[in-house]
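Chain by chain, the residues run as shown.
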Amino acid sequence: MASDNLNDSDIDALLEGDFSENSDEDFLLDNSDDDPDYIQQELQNNQDSQSEMDETDENQASDEPATIRPAPQPATIRPAPPRRVGNQRLNTFVWDDEDAVPTVEVFNDNSGVTENFNLDNSSSVLDFFSYFVDNQVIGVFKEQTNLYARQKLRKMRSTNTLKANSRMNEWKSVTKADIKKFIGIIFHQSISNRPQIIDHWSKDPTISCNYCPNVMSKNRFLLILSNLHLNDNSKFIKKGEPGHDPLYKNRPLIL
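First, a word on what this report is: a plain description of the structure on this page. Being a predicted model, the structure only gives us computed values, none of them experimental.

To continue, consider the overall build of the protein. When helices and strands are counted, the protein shows nine helices and four strands. Counted from the first residue to the last, the protein has its helices and strands arranged as α-α-α-β-β-β-β-α-α-α-α-α-α. Burial status across the protein gives 20% buried among its 255 residues. Once local pairs closer than 6 in sequence are excluded, the contacts in the protein between residues at least 24 apart make up 50%. Within the structure as shown, the protein displays about 20900 Å² of accessible surface, and the carbon and sulfur contribution to it stands at 50%.

See the structure below:
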């Protein structure tokens, strides 16, 4: 277009935006919002696009195997009906194969040794031990160990299984002093290890021990070890039977 042909009125018209002469031809206005056919077509296009996206998501999901993990079930211990041992009522539980998290109560009382124990900083190790394992407990060890040894000897003799060289032929009833010596040797062996228990009585200078032989003979110690008991086996209720107590053999220490 030649600029020479524009006069002052044409320039003014251009600046003022007067396009009335050729506005219909040079400028196409978008009237699609007013066209019902155009709107319907746009809606159809949008629906087709959404369907394609949904199909793609389904195909991707089908390629990956679905993994369903069962929610973990907390293990529980079901309380059983309370039973009685003598005049004492015990709360027992039905034992399960699954582990259970115990409920630990918050301890709010005074801890440590108090005046109620009749113990203080001047008390000996034996004083502390005797507080928990007193003469009554030692007496239970004595009575039940002797009882089990008698039952064992009776059974071996009745079944003719008591050999001439069996150590049980040397059995003599234990006393409270024997039980205390036996426990003392057990404590000593826990801090003075040997390859075998009998090595504490060995005469080999490389592994010999001066403490155990001076407290009790080897045979006497092994006899007590093989017969040590806290409860009467003849009264034990087998697993699965009513009244079964899994801790029966140690119950005198727990009550």
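Looking now at the environment of His244. Locating His244 in the fold gives a position in the loop between α8 (218-227) and α9 (251-254). The spatial distance from the C-alpha of His244 to the C-alpha of Val94 is 9.8 Å, given a sequence separation of 150 residues. Discounting residues that sit within four places of it in the chain, His244 has contacts with Phe236, Ile237, Lys238 and Lys239. For His244, the side chain forms a polar contact with the main-chain nitrogen of Lys239, separated by 3.4 Å.

Over its 16 residues, helix α6 (residues 176-191) runs 24 Å from end to end, which matches the ideal 22 Å to within 8%, given 1.5 Å per residue. Listed as buried for α6 are Asp178, Ile179, Phe182, Ile183, Gly184, Ile185, His188 and Gln189. In this structure, the buried residues of α6 make contact with α4 (125-132), α5 (135-158), α7 (212-215) and α8.

Attention shifts here to the packing of α5 against α6. Taken N-terminus to C-terminus, the directions of α5 and α6 make an angle of 100°; their axes are 9 Å apart at the nearest point. When the axes of α5 and α6 are compared, the pair comes out roughly perpendicular. Within the contact between the two elements, α5 uses Asn135, Ile138, Gly139, Phe141 and Lys142 and α6 uses Lys176, Ile179, Lys180 and Ile183. For the contact of α5 with α6, the per-class residue count stands at four nonpolar, two polar and three charged.

Following the criterion strictly, the structure yields three salt bridges and no others. When the shortest N-O distance is used, the salt bridge between Asp245 and Arg251 registers 2.8 Å.

This next bit is on unusual backbone geometry. The backbone of Asn160 shows a phi angle near 60°, a positive value even though the residue is not glycine. Position of Asn160 among the secondary structure elements: in the loop between α5 and α6. Look at Asn160 and you get exposed, because its relative accessible area is 68%.

Let's shift gears to the nonpolar core. Grouped together as the largest cluster of nonpolar side chains are 23 residues, with contacts concentrated most on Met168, Trp171, Ile179, Ile185 and Phe221. Looking at this core, the elements that each hand over two or more residues are α5, α6 and α8. The dominant element in this core, judged by the number of residues it contributes, is α5, at six residues. Each residue touching Trp171, except ones within four places of it in the same chain, is listed here: Thr145, Asn146, Ala149, Leu153, Arg220, Leu223, Ile224 and Asn227.

Conventions we followed
- Residues numbered from 1 in each chain as written.
- Predicted model: local features only at pLDDT ≥ 70, side-chain atom pairs only at ≥ 80, totals over all residues.
- Heavy atoms only, no water.
- Helix = DSSP H or I, 4+ residues; strand = E, 2+ residues; numbered from the N terminus.
- Buried < 20%, exposed > 50% of the residue type's maximum accessible area, 1.4 Å probe, protein only.
- Contact = heavy atoms within 4.5 Å.
- Areas by Shrake-Rupley, 256 points an atom, 1.4 Å probe, with all protein chains shown as cover.
- Polar contact = N/O pair within 3.5 Å; in protein donor to acceptor, adjacent residues only side chain to side chain.
- Expected span 1.5 Å × (residues − 1).
- Axes fitted to C-alpha atoms, helices over the stretch in contact; angles between N-to-C directions.
- Parallel < 35°, antiparallel > 145°, perpendicular 65-115°, else oblique.
- Nonpolar A, V, L, I, M, F, W, Y, C, P; charged D, E, K, R; others polar.
- Salt bridge = Lys/Arg side-chain N within 4 Å of Asp/Glu carboxyl O.
- Core = buried A, V, L, I, M, F, W, Y, C linked by side-chain atoms within 4.5 Å.

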